[in-house]
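These are the residues of each chain, in order.
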Amino acid sequence: MSQVKIAPAKEFSLSISEIAPDKSISHRSVMFAMLADGESRIENFLRAEDTMNSLEIVKNLGATVEDDGEIIKISSNGIQESFEVLDCGNSGTGMRLFCGLLSSANGHFVLTGDKYLRSRPMKRVTTPLLNIGAKLDGREDGDFAPLSIRGSSLKSFNYESKIASAQVKSCMILAALRADGVCTYSEPELSRDHTERMLKGMGADIAVDGLQTTITPMKKLLSPLTIRVPADPSSAFFFAVAAAITPNASIVLEGVTLNSTRIEAFKVLEHMGADISYEITDNKYEPIGNISVKYAPLHGVTVEENISWLIDELPALSIAMATAQGESLVKNAEELRVKESDRISTVVEGLRSCGLEVHEYKDGYKIVGGELSASKVDSDGDHRIAMSFIIAGLRCGMEVSDLDCINTSFPNFFELLEKITTIEFIK
Ligand code: S3P
């Protein structure tokens, strides 16, 4: 399916329990199972392209995987050298975390990905890993995949990251678990913390003090992981925006992780005027629950702090900003330029094509809110751009092309969207 036509939505009132499971937690669950002594059990794993690639990679690394379609059971006898090139597909998380995991493993490994991933910067992980004795290389002096890794012994480190990136942090925590002494990692702002929570839950000695994480290497294998993956707030957010921009609409998004490093975009939407409430129903590794969103007229907002807490939601948030009264400003978000697409350009161009006044900056953009008009937008192979402009279509009608990327994170997106509006698949 390559193109879709979305009709404007009328008011709706829905409760959705089938939001895609969390992508970050799904990737981590199969990787961390490789560090356990015994069988890990993962329920509600995200069966999307990115995370299925990670599952395939752990199989190629010698893990025994039993999957009955409901629960995935993984046992590992230590990481084995792979006969295959390890294909991370579109996933930066997959590639960067596997770099940390494999740098200390016995053997030689090659990581690659699709044409988009092979163009994304890897020095942010290869440089700190090389500095602690890892043996890895890639195109352009180790900046681009394919990457090759020869596992080796790693030195302890005190690393101060200049970017708030959970991918870099998680890569270095995985490396630290097998380094030759206690390691510290600090970051300028707290990035999502699933790695710390999950590995601590498995018995790893990880202490978090503000922005600094101290990791004591593993003396023995960790306890197996038992987890039910909660719904992904980044996927849920598309439907939050759908409700927030459709007069008289309301939605309940069920079973979502309410980890504060993940729900900042909902807080901003609330600040813009949407009526949002949260109900905690469970707490395993992190708080989990329901988010209710009701339409209310939105006003402009400035977003300049805790950017890593809403980086993935900024494209969808921009659609809400576009319909809001007044100006909205996004600052300090240069990281958007190195996501699945250059999301500053793709958001700015997409909104301009809908007739809005948008100013582009190096580290963000300014959107002058107004009435969106129907347009044709190409996703540039970026799932979040595709879904964001489809949601914009609920307000004004829209044609969006290059849609296969949606399968990387949210395979049942259209099934759920059909509850809200009419969708015409063109090809
Ligand atoms: C992720 C971290 C974020 C996020 C990505 C998933 C993760 O990337 O954008 O979608 O699972 O660790 P950065 O760590 O590069 O900011």
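Before reading on, note that the structure itself is shown above.
Fair warning: this is a prediction, and the values are worked out from it, not measured in the lab. (Residues numbered from 1 in each chain as written. Predicted model: local features only at pLDDT ≥ 70, side-chain atom pairs only at ≥ 80, totals over all residues. Heavy atoms only, no water.)

Enquirer: How would you sum up a negative patch on the surface? Please name residues and give values.
Expert: A contiguous patch of negative charge on the surface is contributed by Glu39, Glu66, Asp68 and Glu70. By relative accessible area, which is 34% here, Glu39 ends up partly exposed. (Patch = residues over 30% accessible without salt bridge, like charges linked within 9 Å, V, L, I, M, F, W, Y side chains within 5 Å. Areas by Shrake-Rupley, 256 points an atom, 1.4 Å probe, with all protein chains shown as cover. Salt bridge = Lys/Arg side-chain N within 4 Å of Asp/Glu carboxyl O. Lys, Arg positive; Asp, Glu negative; His and termini not counted. Charge placed at Lys NZ, Arg CZ, Asp CG, Glu CD. Buried < 20%, exposed > 50% of the residue type's maximum accessible area, 1.4 Å probe, protein only.)

Enquirer: Give a detailed account of the sheet that holds strand 24 (residues 423-425), specifying residues and quantitative values.
Expert: With mixed pairing, the 4 strands of this open sheet are ordered in space as 22-23-1-24. Because the sheet does not close on itself, it has two edges, and the strands there are strand 22 (376-378) and strand 24. Across the sheet, the mean angle from the axis of one strand to that of its neighbour is 20°, orientation sign disregarded. As paired elements, strand 1 (residues 3-6) and strand 24 share 3 bridges and run antiparallel to each other. Bridge pairing in strand 24 places Lys5 opposite Glu424. (Pairing = 2+ DSSP bridges. Helix = DSSP H or I, 4+ residues; strand = E, 2+ residues; numbered from the N terminus. Axes fitted to C-alpha atoms, helices over the stretch in contact; angles between N-to-C directions.)

Enquirer: Mind laying out the site of the ligand, listing which residues take part and the relevant values?
Expert: Surrounding the ligand, one finds Ser24, Arg28, Thr93, Ser165, Ala166, Gln167, Arg192, Ile311, Asp312 and Lys339. Here an oxygen atom of the ligand sits 2.6 Å away from a polar atom, N or O, in the side chain of Asp312. Against a free-state accessible area of 380 Å², the protein chains account for coverage of 95% of the ligand. Contributions of two or more residues to the shell around the ligand are made by helix 1 (23-33) and helix 6 (166-176). Residue classes in the shell around the ligand are distributed as 2 nonpolar, 4 polar and 4 charged. Counting the residues that make up the shell around the ligand, at least three belong to each of domain 1 (3-21 + 230-426) and domain 2 (23-228). (Near = heavy atom within 4 Å. Polar contact = N/O pair within 3.5 Å; in protein donor to acceptor, adjacent residues only side chain to side chain. Nonpolar A, V, L, I, M, F, W, Y, C, P; charged D, E, K, R; others polar. Domains from an automatic or database assignment.)

Enquirer: Tell me about the environment of Ile245, and please be specific about residues and values.
Expert: Locating Ile245 in the fold gives a position in helix 8 (residues 233-245). Separated by 236 residues in the primary sequence, Ile245 and Ala9 have C-alpha atoms spaced 9.8 Å apart. Sequence-distant contacts of Ile245, that is, excluding residues within four places in its chain, are made with Tyr295, Leu298, Ile319, Ala320, Thr323, Ile391 and Arg395. (Contact = heavy atoms within 4.5 Å.)

Enquirer: Kindly report on the state of the cysteines, identifying the contributing residues and their values.
Expert: Under the definition given, this model contains 0 disulfides. The thiol of Cys396 is unpaired, and the distance to the nearest cysteine sulfur, on Cys354, comes to 5.5 Å. A residue is classified by how much of its surface remains accessible, and Cys396, at 15% relative accessible area, is buried. (Disulfide = S-S within 2.5 Å.)

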